[in-house]
Amino acid sequence: SPTSAAPMSSIASGTQMQRQNELRKLAFCSIVFVLAIGNILQLKKAAVLSQGDAIEAGHVLGDQPHTSDRWRVTQEEALRDGDAMEDHVVRAKSSAIASESNASEVGSAGPSNRPTTATSNSKQPKPSSASSSSPPLPPSPAEPLTNKTQSIVQKQVSRKRVSFPNSAARRPRKPQQQQQQQQDNSQPVKLQKLGRHFNVTLKLPTPILVASLPKSGTTTAWRYFLCGGQTAAHQFAIYDNGNTDQIGKCMMQNDKTNRPMLEGCGNYSVWTDPGYASHSSNAPVCYYPSVQSLPKYYSDYPNATIVMFKRNTTAWANSAVKWSRGTMAMRWERCKMTPGRSIDDLVNFYEWHLDHVRQFARDHPSLTYVEVSIDDPMAGLYLEERTGISASCFGNCKPSYKNKCDVTGIVVDTNQTLKEGMVEEA
């Protein structure tokens with residue numbers, strides 16, 4: 001019927017339109033795919049052409065020095081140049097061997113001029129008429145190598161490096177200080193840890209006050225008595241109440257309160273570097289028992305011992321003026337212990353202090369006084385005779401050496417006799 005034919009025609013027309021749309025989409029995708037393939041081929045062709053241009057430009061510019069990495073030679077050229085350099089090194093080695101054999105045959109004709117390994121950029125010296133009969137090295141490759149080629153060649157040459165064991169240029173040179181030291185036949189610095197000797201019968205009465213000023217052997221004295229099995233404190237001490245502080249603060253407080261000088265300062269028998277100098281610039285305080293309180297020390301311990309380690313006066317002044325970046329001398333000046341910070345001021349103060357301690361020991365004969373110069377190689381033997389502690393415990397000890405001491409040139413042989421007049425005793 002006419003009414004049923006209309007829907008059928010509309011369905012057919014819709015199906016036809018759907019097929020046409022699908023065909024259009026397929027055609028569009030095909031065109032896009034073809035265009036993409038074409039672009040890819042064009043890009044690849046352009047890349048091949050640019051690489052060819054770069055290679056050609058590399059051939060042209062390879063002989064010219066440059067610093068840019070834009071142009072590079074091919075790997076084949078690099079390997080070819082590397083093979084040429086290997087051949088050059090092998091020829092150099094053979095020439096060196098031939099020259100050594102010729103020199104050994106000539107014998108008395110003198111030392112042969114042995115060639116050294118030449119790099120790609122080094123210039124070969126021109127043979128002179130007076131040169132030896134050894135054949136000269138072959139010239140370097142005519143074509144200069146690029147950066148990439150040089151790196152490859154250096155790796156290959158390092159595997160086959162020509163070495164001359166008898167060549168003076170290959171010997172490591174010793175520092176000038178060591179050479180001068182060997183010429184003077186002097187002993188090198190020998191640092192070692194000092195042992196610990198127990199069950200030592202100390203010949204000196206205690207307590208022992210080391211009256212030396214800082215930088216004049218106080219660390220050496222401390223290590224010496226520690227090595228001898230004695231309880232010794234150096235600059236700091238563990239008080240009886242468990243606190244740790246400077247020895248000079250405890251002694252100063254006892255002196256002010258009229259108590260025994262060492263009361264509450266710790267269970268020690270030897271006291272080294274017991275001074276105290278505050279860092280305050282407003283109210284500077286300095287306390288050194290060997291400077292201010294020797295009468296107090298004698299009144300509290302009339303049968304005690306005073307030990308004086310001394311050194312060269314000028315050497316001490318030069319060391320003291322630099323110690324702690326010059327702050328120690330500055331604090332002494334603030335406390336009016338020294339008139340100034342110059343070398344002359346410190347020298348005068350050191351000499352006055354030494355005479356002051358000596359004279360006090362002379363005036364109080366019940367005290368035991370021991371004086372020794374740390375610069376003398378026989379100092380260890382003298383201390384062993386006076387204290388009973390082995391001379392092997394003596395060494396030049398400094399804070400910079402940490403737990404070691406310099407024992408260079410120190411005599412520990414007990415068969416040798418002591419030098420007379422080495423020390424000045426009261």
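Shown above is the structure to which this text applies.
Here is what the cut-offs are and how they apply
- Residues numbered from 1 in each chain as written.
- Predicted model: local features only at pLDDT ≥ 70, side-chain atom pairs only at ≥ 80, totals over all residues.
- Heavy atoms only, no water.
- Helix = DSSP H or I, 4+ residues; strand = E, 2+ residues; numbered from the N terminus.
- Buried < 20%, exposed > 50% of the residue type's maximum accessible area, 1.4 Å probe, protein only.
- Pairing = 2+ DSSP bridges.
- Patch = residues over 30% accessible without salt bridge, like charges linked within 9 Å, V, L, I, M, F, W, Y side chains within 5 Å.
- Areas by Shrake-Rupley, 256 points an atom, 1.4 Å probe, with all protein chains shown as cover.
- Salt bridge = Lys/Arg side-chain N within 4 Å of Asp/Glu carboxyl O.
- Core = buried A, V, L, I, M, F, W, Y, C linked by side-chain atoms within 4.5 Å.
- Contact = heavy atoms within 4.5 Å.
- Phe/Tyr/Trp six-rings, centres within 6.5 Å; stacked < 30°, edge-to-face > 60°.
- Lys NZ or Arg CZ within 6 Å of the ring centre and 35° of its normal.
- Axes fitted to C-alpha atoms, helices over the stretch in contact; angles between N-to-C directions.
- Parallel < 35°, antiparallel > 145°, perpendicular 65-115°, else oblique.
- Left-handed = near helix turned anticlockwise from the far one by under 90°.
- Nonpolar A, V, L, I, M, F, W, Y, C, P; charged D, E, K, R; others polar.
- Lys, Arg positive; Asp, Glu negative; His and termini not counted.

Chemist: Can you walk me through unusual backbone geometry in this structure?
Modeler: Most peptide bonds are trans, and most residues other than glycine sit at a negative phi. Cis geometry marks the peptide bond from T206 to P207; its omega dihedral reads 5°. Looking at the secondary structure, you find P207 in the loop between β1 (191-192) and β2 (208-210). The phi torsion at K215 lies on the positive side, around 70°, for a residue other than glycine. With respect to the helices and strands, the residue K215 is situated in the loop between β2 and α5 (218-227).

Chemist: Explanation requested: the pairing of strand β10 (residues 368-373) in the structure shown.
Modeler: As a general feature of sheets, a regular strand has side chains that alternate between the two faces. Among the six residues that make up β10, five are buried, leaving the element largely enclosed by the rest of the structure. Across six bridges, the pairing between strand β9 (residues 305-310) and β10 is parallel. If you follow K310 over to β10, its bridge partner there is S373.

Chemist: How should I be thinking about a nonpolar patch on the surface in this particular structure?
Modeler: A cluster of nonpolar side chains, namely F33, V34, I37, I40 and L41, defines an oily patch on the protein surface of about 510 Å² accessible area. Relative to the helices and strands, L41 is located in helix α1 (residues 2-61). Take L41: its relative accessible area is 54%, and that puts it in the exposed class.

Chemist: Help me understand the nonpolar core, please; the structure alone is not making it clear to me.
Modeler: When a protein is soluble and globular, its nonpolar side chains tend to lie buried together. Core analysis: the biggest nonpolar cluster contains 27 residues, and M251, M261, W271, Y297, I306 and V357 have the highest contact counts within it. For this core, the secondary-structure elements that each account for two or more residues are α6 (247-256), α8 (294-300), β9 and α11 (343-363). For I306, the contacting residues outside a window of four places in its chain are L209, A211, L294, Y297, V357, L367, T368, Y369 and V370.

Chemist: What should I look at first to understand the packing of aromatic side chains in this one?
Modeler: The geometry of an aromatic ring pair is captured by two quantities: the separation of the ring centres and the angle between the planes. Applying the stated criterion to the full structure yields ten aromatic pairs. Centre to centre, the rings of Y268 and W271 are 5.4 Å apart; their planes meet at 70°, and the pair counts as edge-to-face. Each ring, one from W316 and one from Y350, has its centre 4.6 Å from the other, and the planes form 35°; the classification is tilted. Note that W316 is positioned in helix α9 (residues 313-322) and Y350 in helix α11, a separation of 34 residues in sequence. Y350 matches W316 in its accessibility class, with the two residues each being buried. Feature note: the residues Y288, W316, W332, F349, Y350 and W352 constitute an aromatic cluster, connected by ring pairs. The cationic tip of K215 hangs over the ring face of W323; the distance from NZ or CZ to the ring centre is 3.7 Å.

Chemist: How should the pattern of salt bridges be read in this particular structure?
Modeler: Any two side chains of opposite charge can pair, given that their charged atoms come close. Scanning the entire structure with this criterion turns up six salt bridges. Between D245 and K249 there is a salt bridge; the shortest N-O distance is 3.7 Å. Here D355 and R358 are joined by a salt bridge, their closest N and O atoms 3.9 Å apart. In this pair, D355 and R358 are both assigned in helix α11, three residues apart and thus about one turn of the helix distant. Overall, R358 belongs to the buried group, its relative accessible area being 11%. It is possible to trace a salt-bridge network through shared partners that takes in K310, D355, R358 and E371.

Chemist: What am I meant to see in the packing of α9 against α11 here?
Modeler: With their axes 9 Å apart at the nearest point, α9 and α11 run at an angle of 120° to one another. The pairing of α9 with α11 is recorded here as oblique in orientation. Here the hand of the crossing between α9 and α11 comes out right-handed. Every residue of α11 that contacts α9 at T313, W316, A317, N318, A320 and V321 is listed here: I343, L346, V347, F349, Y350 and E351. Here the contact of α9 with α11 is composed, by residue class, of nine nonpolar, two polar and one charged.

Chemist: How should I be thinking about the side chain of D273 in this particular structure?
Modeler: With respect to the helices and strands, the residue D273 is situated in the loop between β6 (270-272) and β7 (276-277). Look at D273: it is buried, it has no salt bridge, and the nearest opposite charge is K215 at 8.7 Å. Setting aside residues no more than four positions away along its own chain, D273 makes contact with V210, P214, T218, H234 and Q235.

Chemist: Explanation requested: the pairing of β9 in the structure shown.
Modeler: With six of six residues buried, β9 is to be regarded as a mostly interior element. Both faces of β9 are covered, namely the face carrying T305, V307 and F309 and the face carrying I306, M308 and K310. Summarising the sheet, β2 and β9 pair through three bridges and their orientation is parallel. For L209, the partnering residue across the bridge sits in β9 and is I306.

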